[in-house]
Amino acid sequence: MEVSDVRRRVREVLADAKRASSERRTHRDAAAHAWSDALERIGLPVSRQLVQAFKAEGFSLQIFTPAESVRIASEPHPHDYIELTLEPDGDEASVVGRISHARGRETVSEERVFVRGGSAIAAMTEEQVLEFLAKALGGILVR
């Protein structure tokens, strides 16, 4: 095999890798922008309404907004929470729901993909967010 063929192939592989990396960055940036918008427009308002409804039913909850996410946690049991956050890893960014609740000395955690990809994040609805958060909270608050 000729050295020139090997070098040509190496250049092609490097060019393809750079192009793929650039595309992934573009998709992740678009997803991050879509999530930031969806969080302000849908995630936080629905979370606030949900917390008020649970409080009316006698549950003590708090909302936290750490670094582009929303977390609803039980006041008496801070290890019991649900969080929606952007997970930019992989080929497509995803909004992930992290669910955590304590059972005695153990903390059980679960991660569920809520929506995947920038267009799905931008198309999120209030009903989707409400359904996801309400079911998750009901499961960890009612024992």
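Everything that follows concerns the structure shown earlier in this document.
What counts, and at which threshold
- Here the residue numbers are simple positions, counted from 1 along each chain's written sequence.
- Whole-chain, interface and lining totals are the exception, using all residues; otherwise, since this is a predicted model, local features are given only for residues with pLDDT of at least 70 and side-chain atom pairs are given and counted only at 80 or more.
- Side-chain measures here rest on the full set of heavy atoms in the structure, leaving out hydrogens and waters.
- Here a strand is any run of E in DSSP of at least two residues, a helix any run of H or I of at least four, and the numbering for each starts at the N terminus.
- C-alpha atoms define the radius of gyration, and 2.2 Å times the number of residues to the power 0.38 defines the globule rule.
- Think of it in three bands: residues with accessible area under 20% of the maximum for their type are buried, residues over 50% are exposed, and the middle band is partly exposed, with areas taken using a 1.4 Å probe on protein chains only.
- The contact criterion used throughout is that any non-hydrogen atoms of two residues lie within 4.5 Å.
- Working definition of accessibility: Shrake-Rupley area with a 1.4 Å probe, residue cover restricted to the visible protein chains.
- Under the convention used here, Asp and Glu are negative, Lys and Arg are positive, and both His and the chain ends fall outside the count.
- Charged side chains are reduced to one point each, which is NZ for Lys, CZ for Arg, CG for Asp and CD for Glu.

Engineer: How do you make sense of the overall build of the protein chain when you look at a structure like this?
Structural biologist: Along the backbone of the protein chain there are three helices and five strands. Along the protein chain, from the amino end to the carboxyl end, the secondary structure elements read α-β-β-β-β-β-α-α. Radius of gyration (C-alpha) of the protein chain: 20 Å, far over the 15 Å computed for a compact globule of 143 residues. Judged by the C-alpha coordinates and their principal axes, the protein chain covers about 75 × 35 × 20 Å. Taken across its 143 residues, the protein chain has 33% of its residues classed as buried. The long-range share in the protein chain, meaning contacts at least 24 apart out of those at least 6 apart in sequence, stands at 42%. Summing over all exposed atoms, the protein chain offers an accessible surface of approximately 9000 Å²; the carbon and sulfur share of this is 50%. Distance between charge centroids for the protein chain: 5 Å, based on 20 positive and 23 negative side chains.

Engineer: Looking at this model, I keep getting lost on the environment of A122. Mind explaining?
Structural biologist: The topology assignment puts A122 in helix 2 (residues 118–122). Discounting chain neighbours no more than four positions away, the residues touching A122 are A34 and R41.

What is shown is where atoms sit, not what they do.
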